[in-house]
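Single-letter residue listing:
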Amino acid sequence: MSPADPTPAIEVADVVVRYGEVVALDGVSLSIAPGRVTGLVGMNGSGKSTLFKAIMGMVRPDRGHVLIDGAAPAAARRRGIVGYVPQSEDVDWTFPVSVRDVVMMGRYGRQGLTRRARPADHAAVADALDRVELTGYAERQIGQLSGGQRKRAFVARGIAQDARILLLDEPFAGVDKRSEATIVRLLRELADDGRTVLVSTHDLHALPRLADEAVLLLHRILFHGDVSEALRPDHLARAFGLDVLDRDLDPELDRDREASA
Amino acid sequence: MTVLDLLLEPLQFDFMVRALATTVIAAIVCALLSCWLVLVGWSLMGDAVSHAVLPGVVIAYVLGAPFALGALVFGFLAVALIGAIRGTSRIKEDAAIGIVFTTLFALGLVLISVTPSHTDLNHIIFGNILGVSDADLVQIAVLAAVAFVILVLKRRDLTLYAFDPLHTHAIGLSPRFLGALLLGLLALTAVVALQVVGVILVVAMLIIPGATAHLLTDRFGRMLVIAPVLSAACSVVGIYLSYWLDAASGGLVVLVQGAAFLLVYLFSPRHGLIGRLPWARRRTAVAS
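What counts, and where the lines are drawn
Residues numbered from 1 in each chain as written. Chains lettered and ligands numbered in written order. Predicted model: local features only at pLDDT ≥ 70, side-chain atom pairs only at ≥ 80, totals over all residues. Core = buried A, V, L, I, M, F, W, Y, C linked by C-beta atoms within 7 Å. Buried ≥ 20, exposed ≤ 12 C-beta atoms within 10 Å, placed from the backbone. Helix = DSSP H or I, 4+ residues; strand = E, 2+ residues; numbered from the N terminus. Domains from an automatic or database assignment. Contact = placed C-beta atoms within 7 Å. Pairing = 2+ DSSP bridges. Axes fitted to C-alpha atoms, helices over the stretch in contact; angles between N-to-C directions. Parallel < 35°, antiparallel > 145°, perpendicular 65-115°, else oblique. Left-handed = near helix turned anticlockwise from the far one by under 90°. Nonpolar A, V, L, I, M, F, W, Y, C, P; charged D, E, K, R; others polar. pLDDT = per-residue confidence, 0-100.

A word on the nonpolar core. The nonpolar side chains of soluble globular proteins are, as a tendency, buried together. The biggest cluster of nonpolar side chains holds 169 residues, and the ones touching the most others in it are A26, A52 and V191 of chain B. In terms of residues, this core owes the most to one element, helix α10 (residues 175–216) of chain B, which gives 24 residues. Counting contributing residues per domain, this core is built from domain 1 (1–81 + 164–261) and domain 2 (90–162) of chain A, each supplying no fewer than three. With residues near it in sequence (within four places) discarded, A26 of chain B still touches I140, A144, V192, A193, V196 and M205 of chain B.

Given below as structure tokens:
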């Protein structure tokens, strides 16, 4: 990245988040440039979801801060520039809403107090559905879609919202190969529009086609840079807590070692 | 005696007319709220809050304050206590709910027993739909109207909150505010329904209609119509049954609601048990 880079889309500075005695994020610093697709890679429980929540301001860091587009997350949320695609387990798929209803929820931040949809909202929803190729499924109940279609419906919500920054939590879980390719293509297009896309995943094979850069997370940032380099066995081994050289990878011990070195 | 006579006879009595009016009003607003409660997963919370308002109502009675005010204070107090216990100890939420609401309910019972006109207050526990006065009816109608208007105006926000609180937060709305709003409406609605079925059975009116409607439709907008209509119909049937059978009105209102749920649970076209049995599914598959 050159010094002429614009304001980072997301800037995370020395963020610590603890849940009781569990340290989910332990001094995470991360700067993500606009218009890029970044893969956030780590195993379950590595702090990916917590990092997302910290970026959205859903959890308050015990230390450090987050800037979205150079401003506090609350300001970014009011501007409606942060879109979120939840992981499947966090969604009640029996909820009585149609695909169109879900996409319309992206417009609520721009509507009046009763969220009555105006023609511009209907148009934005129709465009977003078209963009993710779900126009024919708009009236279906959200749970009646396939895994990949469900993800696309939520991406459409972010598009309807005109989110400049899209956070996707495990979008490839429970998604077949073809849908995965469709989602990858869609996210690439969104980045080409200048949107910033941050995708958390523990699924590595989609990464080279999807991401411009990769971040390896295990409570701390282990690596941030080229995807191909991130996928090197030694890096992955550290991220997933397996070490080919059988070194002790407990982060506590690691830090102690660094301190004594 | 024709069927029409059977239906019209009770209406000669003013108390029956008031009972029916009160029941329909309470049924509609409770059913509306229940649509969100069942989807947010707050059924247990609804149970807790509707019981925990009892001491508030008794204290309001003693002080001559509006019941709704006492109910609101204790409704929020209950939720605050539940949150505090869960957040500051190793006790899990369901246990915290059980501890708080039973304790507050017990406090209400004790307060009733030491309050001079306890015959009046016992009606809060079991409901006294046949003893509703014109003044009661007015109070219930006003509270119900307030809850109804807020629910209808904020229905999209509440649905968003129920469906995806994280997205609610991400687009700059406050899930905390919407949760508190839903809670306040829950306490308010509990007061409305107290008169009809009593504290103990309020929760039925706050859960069954929404759950029944959820089995009948995949559209939230339709749930908001089906639940109140169904609940009002069941309540009217319950009141009539109580007249003809000379049995507990609150109990019969809830029994009829439960029976309607059972029928829908079994026979709902898409989400009913019978329709989802293997042999039934095979038949549909062949047909389509």
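The structure having been displayed, the exposition proceeds.
Residues and elements named next belong to chain A. Spatial ordering of the open sheet is given by β5-β6-β7-β3-β8-β9, a layout of six strands whose pairing is mixed. One side of each edge strand has no neighbouring strand; the edge strands of this open sheet are β5 (82–85) and β9 (220–225). When the angles between neighbouring strand axes are averaged without regard to direction, this sheet yields 15°. Relative to strand β6 (residues 165–169), β5 runs parallel, the two being bridged by four bridges. The residue of β6 that forms the bridge with V82 is I165. Contacts from helix α1 (residues 48–56) reach β3 (37–41), β5, β6, β7 (196–201) and β8 (213–218) within the one sheet, and its direction differs from that of β6 by about 155°. Each of β5 and β6 touches helix α5 (residues 147–161); the most contacted strand, β5, lies at about 170° to it.

Moving on, we come to the packing of helix α3 (residues 43–63) of chain B against helix α4 (residues 67–88) of chain B. Residues and elements named next belong to chain B. Contact pair α3 / α4: the axes reach a minimum separation of 7 Å and the direction vectors enclose 135°. What the angle tells us is that α3 and α4 run oblique. Between α3 and α4 lies a crossing of right-handed hand. Of the residues in α4, those touching α3 at A48, V49, A52, V53, P55, G56, V57, I59 and A60 are F67, L69, G70, A71, V73, F74, G75, A78, V79 and I82.

Residue and element names in this part refer to chain B. It is at 8 Å that the axes of α3 and α10 come closest, and there the two elements cross at 85°. Classified by the angle between their axes, α3 and α10 sit roughly perpendicular to one another. From α3, S43, G46, D47, V49, S50, H51, V53, L54 and V57 reach across to α10, where they touch L183, L186, A187, A190, V191, L194, V199, V202, V203, L206 and I207. Class assignment of the residues belonging to the contact of α3 with α10 gives a composition of 15 nonpolar, four polar and one charged.

This next bit is on the domain arrangement of chain A. Residues and elements named next belong to chain A. Taken as a whole, chain A is organised into domain 1 (1–81 + 164–261) and domain 2 (90–162). When each unit is reduced to the centre of its C-alpha atoms, the spacing between domain 1 and domain 2 is 26 Å. Each side of the interface is counted separately: domain 1 has 11 residues, and domain 2 has 11 residues. Considering every element that reaches the side of domain 1 that touches domain 2, the biggest residue donor is helix α6 (residues 177–192), with five residues. Classifying every residue of the side of domain 1 that touches domain 2 by side-chain character gives five nonpolar, four polar and two charged.

Below, the discussion takes up the environment of I207 of chain B. Residue and element names in this part refer to chain B. You can see I207 is positioned in helix α10. I207 gets classed as buried once you count the C-beta atoms within 10 Å, which come to 24. The sequence separation of I207 and S231 amounts to 24 residues, and the corresponding C-alpha distance is 11 Å. Not counting the four nearest positions on each side in its chain, I207 is found in contact with S34, L37, V38, S43 and G46.

A few words now on the confidence of the model for chain A. All names here are of chain A. The predicted model of chain A averages 88 in pLDDT, with 90% of residues at 70 or higher. Within chain A, no element has a lower average pLDDT than helix α10 (residues 251–260), which sits at 46, and none a higher one than helix α3 (residues 99–104), at 96. Within the model, pLDDT remains below 50 along residues 251–261, and this stretch shows six contacts once partners closer than five positions in the same chain are excluded.

Our next topic: the sheet that holds strand β4 (residues 63–68) of chain A. To summarise the sheet geometry, strands pair through backbone hydrogen bonds and adopt either a parallel or an antiparallel arrangement. All names here are of chain A. Spatially, three strands are ordered β2-β1-β4 in an open sheet, and the strand pairing comes out antiparallel. Two strands in the sheet have a free side with no partner beyond their single neighbour: β2 (22–32) and β4. Geometrically, the sheet is characterised by an average inter-axis angle of 20° between neighbouring strands, direction not taken into account. In terms of strand pairing, strand β1 (residues 10–19) meets β4 through five bridges, oriented antiparallel. Its bridge partner lying in β4, E11 is registered against L67.

This next bit is on the pairing of β3 of chain A. Residues and elements named next belong to chain A. Counting buried positions over the five residues of β3 gives five, a clear majority of the element. Burial along β3 is two-sided: the residues V37, G39 and V41 and T38 and L40 are all buried. With five bridges connecting them, β3 and β7 associate as parallel partners. Its bridge partner lying in β7, V41 is registered against T201. Examined bridge by bridge, β3 and β8 share four bridges and lie parallel to one another. Among the inter-strand pairings, V41 is bridged to a residue of β8, identified as L216.

Attention shifts here to helix α8 (residues 155–163) of chain B. Residue and element names in this part refer to chain B. For α8, a buried count of eight out of nine residues is recorded, marking the element as mostly surrounded by other parts of the structure. Residues R156, D157, L158, T159, L160, Y161, A162 and F163 constitute the buried set of α8. At its buried positions, α8 is contacted by α2 (14–40), α9 (165–170), α10 and α11 (220–245).

Residue and element names in this part refer to chain A. Located in the positive-phi region is R115, a residue other than glycine, with phi close to 55°. One non-glycine residue with positive phi stands out, namely E170, at about 50°. Within the element layout of this structure, E170 appears in the loop between β6 and α6.

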